[in-house]
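Letter by letter, the chains look like this.
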Amino acid sequence: MPLRNPQIRLNIFWFRRDLRLTDNTGLYQALTSGTPVLGLFIFDTDIIDKLHKNDLRITFIHNNLRLLNLFLHISGSAIVVKKGKPVDIFKHLADTFSVEAVYTNEDYEPYARKRDAEVSVYLKSKGIHLKSHKDQVIFAPHEILKKDGSPYTVYTPYARAWLEKFEHISLDIKPIELLLDNFVKATPDKIDEIEDFGFVENRMPVPDPVLNARILQNYAAERDFPALQVTSGLGAHLRFGKVSVRNIAKQAKAHSPIFLGELIWREFFMQILYHFPHVAEKSFKPNYDNIEWRNNESEFVAWCEGRTGYPLVDAGMRELLATGTMHNRVRMVVASFLTKHLLIDWRWGETFFAEKLMDFELSANNGNWQWAAGSGCDAAPYFRIFNPAEQTKKFDKELAYIRKWVSEFDTFDYPKPIVEHAFARERALLTYKKGLNS
Ligand SMILES: Cc1cc2nc3c(=O)[nH]c(=O)nc-3n(C[C@H](O)[C@H](O)[C@H](O)COP(=O)(O)OP(=O)(O)OC[C@H]3O[C@@H](n4cnc5c(N)ncnc54)[C@H](O)[C@@H]3O)c2cc1C
């Protein structure tokens, strides 16, 4: 532990999905509390023990911790990075230092809420307050409710209520520059290498997000065309809080209501998972759990590897494998294809995405998979079955996206379609109908 004076009274700021200094609500509160602040990040073994050794998100987090550490060095401080169960780490820190309070930002996922409740009970037993602040959202799940206090389950009225409230809030960005001196002084320590946390570096590049007035102004017209690559690329950056959602929402408000609508979808699904945590395992609409999925394993593998013989589907899956991301329009097509054409349980696709997506977010992934399968709140009706060929005509007419990812397209090496579209469509309609009426 690199502190010069272990007797010092301090506050801890616990970084989680907010890996930035600027406009970080909990951090700002900690730094203005009058007590020096120690920055902490925990590689939570309850989460990371389930991940592959070369998980790309761990590399992303590790790189960003190193970046944060560099900034903290400027003010003579350092971030403490530990691996373990959070309660155990806090036991150690509370025994080692005189901790006044632990500041953090709210996390609304089921596991995070359980973890934070346990940490809070432990800290309380030591007379230490856990102070949680709203940061990753404009509106927390309990802030947008119907008049009778129940949660919204349909996007449009939720979005209306969200926008109404949004008109009346200020989006002031909390500056950090003058507060950097309020971090605990520590010898500039290096963060352990990624291997010391049990992982290996994943060298997949993560492009920096680009958001400017031009992109936002053209977003509504261009966002559905995967070859253009004109969406923001903010997914992982929002997921891990590298950017402030208030800052993004401010720009969206000025230039693009459609883009703002996507940020509302993000919060819509977050509040669905918060109020209806059963969706993490089950269909939002219970009768969709009666569908008899075919769950053919070799077809699933062909889908995962981008070998279905449907070029748009294969291009999307290959983009995912090569980059850790996939264009939203294509995500919709591949999800519809898996659940409808192949009749494979949406949870299989959801799990595969969760493993591969750099921007994996439980609420958005689950909400969108259930949307595609028809089982979710406000979902696509089950009889809406994307036709990959029609989607290609509409959104990749020049085949630029397909050619980029499927190099053997148009050659004899490219596989034949795994199933015929009209047959698969009829089979899906019958299977869904049967399941929903049983
Ligand atoms: C089957 C499926 C699974 C998905 N899984 C995820 C996931 O795990 N994590 C994730 O962040 N998004 C997910 N999405 C939503 C969407 O595809 C991605 O947010 C988007 O493609 C990320 O690229 P971008 O940052 O360039 O998006 P942009 O179009 O630039 O959008 C900006 C931001 O708005 C939010 N957003 C956009 N669309 C949605 C949406 N439909 N639902 C919720 N938030 C949205 C994201 O935070 C995104 O970064 C999924 C969509 C589908 C169809």
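As a convention, each chain's residues are numbered from 1 in the sequence order in which they are written. Only residues with pLDDT of at least 70 are given local features in this predicted model, and only at 80 or more are side-chain atom pairs given and counted; all residues enter the totals for whole chains, interfaces and linings.

Student: Looking at this model, I keep getting lost on the pairing of strand β1 (residues 9-15). Mind explaining?
Tutor: Sheet faces and side chains relate simply in a regular strand, where the side chains alternate between the two faces. Counting other C-beta atoms within 10 Å of a residue's own tells you its class, since 20 or more makes it buried, 12 or fewer makes it exposed, and anything in between is partly exposed; those C-beta atoms are placed from the backbone. A helix here means a DSSP run of H or I that spans at least four residues, while a strand means a run of E at least two residues long, and both kinds are numbered starting from the N terminus. In terms of residue burial, β1 counts as a mostly covered element, since six of its seven residues are buried. Two elements, β1 and strand β2 (residues 37-44), share five bridges in a ladder whose sense is parallel. Residue pairing in the sheet places Trp14 in a bridge with Leu40 of β2. For two strands to be treated as a pair, DSSP must find at least two bridges joining them.

Student: Could you clarify how one ought to interpret the site of the ligand in this entry?
Tutor: Any residue whose backbone-placed C-beta atom lies within 6 Å of a molecule or strand is treated as near that molecule or strand. Taken together, 26 residues surround the ligand, and among them Thr231, Ser232, Asn328, Asn365 and Asn368 come closest. Listing elements by their share of the shell around the ligand, those giving two or more residues are α8 (235-239), α10 (257-275), α13 (328-341) and α15 (362-373). Lys, Arg, Asp and Glu make up the charged group, whereas Ala, Val, Leu, Ile, Met, Phe, Trp, Tyr, Cys and Pro make up the nonpolar group; the residues left over, Gly among them, are polar. Considering only residue class, the shell around the ligand consists of 13 nonpolar, seven polar and six charged. Domain borders in the structure are assigned automatically or taken from a domain database. In this structure, the shell around the ligand is formed jointly by two domains, domain 2 (137-182 + 208-275) and domain 3 (279-437), each of which donates at least three residues.

Student: I tried to follow the packing of helix α4 (residues 86-96) against helix α5 (residues 110-125) on my own but got confused; where do I start?
Tutor: When two helices pack together, you describe them by how their axes are tilted relative to each other and by the distance separating the axes. For the pair α4 and α5, the least separation of the axes is 9 Å and the interaxial angle reads 25 degrees. Taken together, the axis directions place α4 and α5 in an arrangement best described as roughly parallel. Between α4 and α5 lies a crossing of right-handed hand. Here α4 contributes Pro86, Val87, Phe90 and Lys91 to the contact with α5, which in turn contributes Arg115, Glu118, Val119, Tyr122 and Leu123. Of the residues that constitute the contact of α4 with α5, the class distribution is six nonpolar, no polar and three charged. Only C-alpha atoms enter the line fits that serve as axes; for helices the fit covers just the stretch in contact. Angles between N-to-C directions range over 0 to 180 degrees. Working rule for angles: under 35 degrees goes down as roughly parallel, over 145 as roughly antiparallel, 65 to 115 as roughly perpendicular, anything else as oblique. Should the near helix be turned counterclockwise from the far one by less than a right angle, the crossing is left-handed, whereas a clockwise turn marks it as right-handed. Here contacts are defined at the residue level, using C-beta atoms placed from the backbone and a cut-off of 7 Å between them.

Student: So what exactly am I meant to see when it comes to the packing of helix α14 (residues 346-356) against α15 here?
Tutor: Close contact between α14 and α15 brings their axes to 10 Å; oriented N to C, the two are set at 145 degrees. The way α14 lies across α15 gives a crossing that is right-handed. From α14, Trp346, Gly349, Glu350, Phe353 and Ala354 reach across to α15, where they touch Asn365, Asn366, Trp369, Gln370, Ala372 and Ala373. Tallied by class, the residues present in the contact of α14 with α15 amount to six nonpolar, four polar and one charged.

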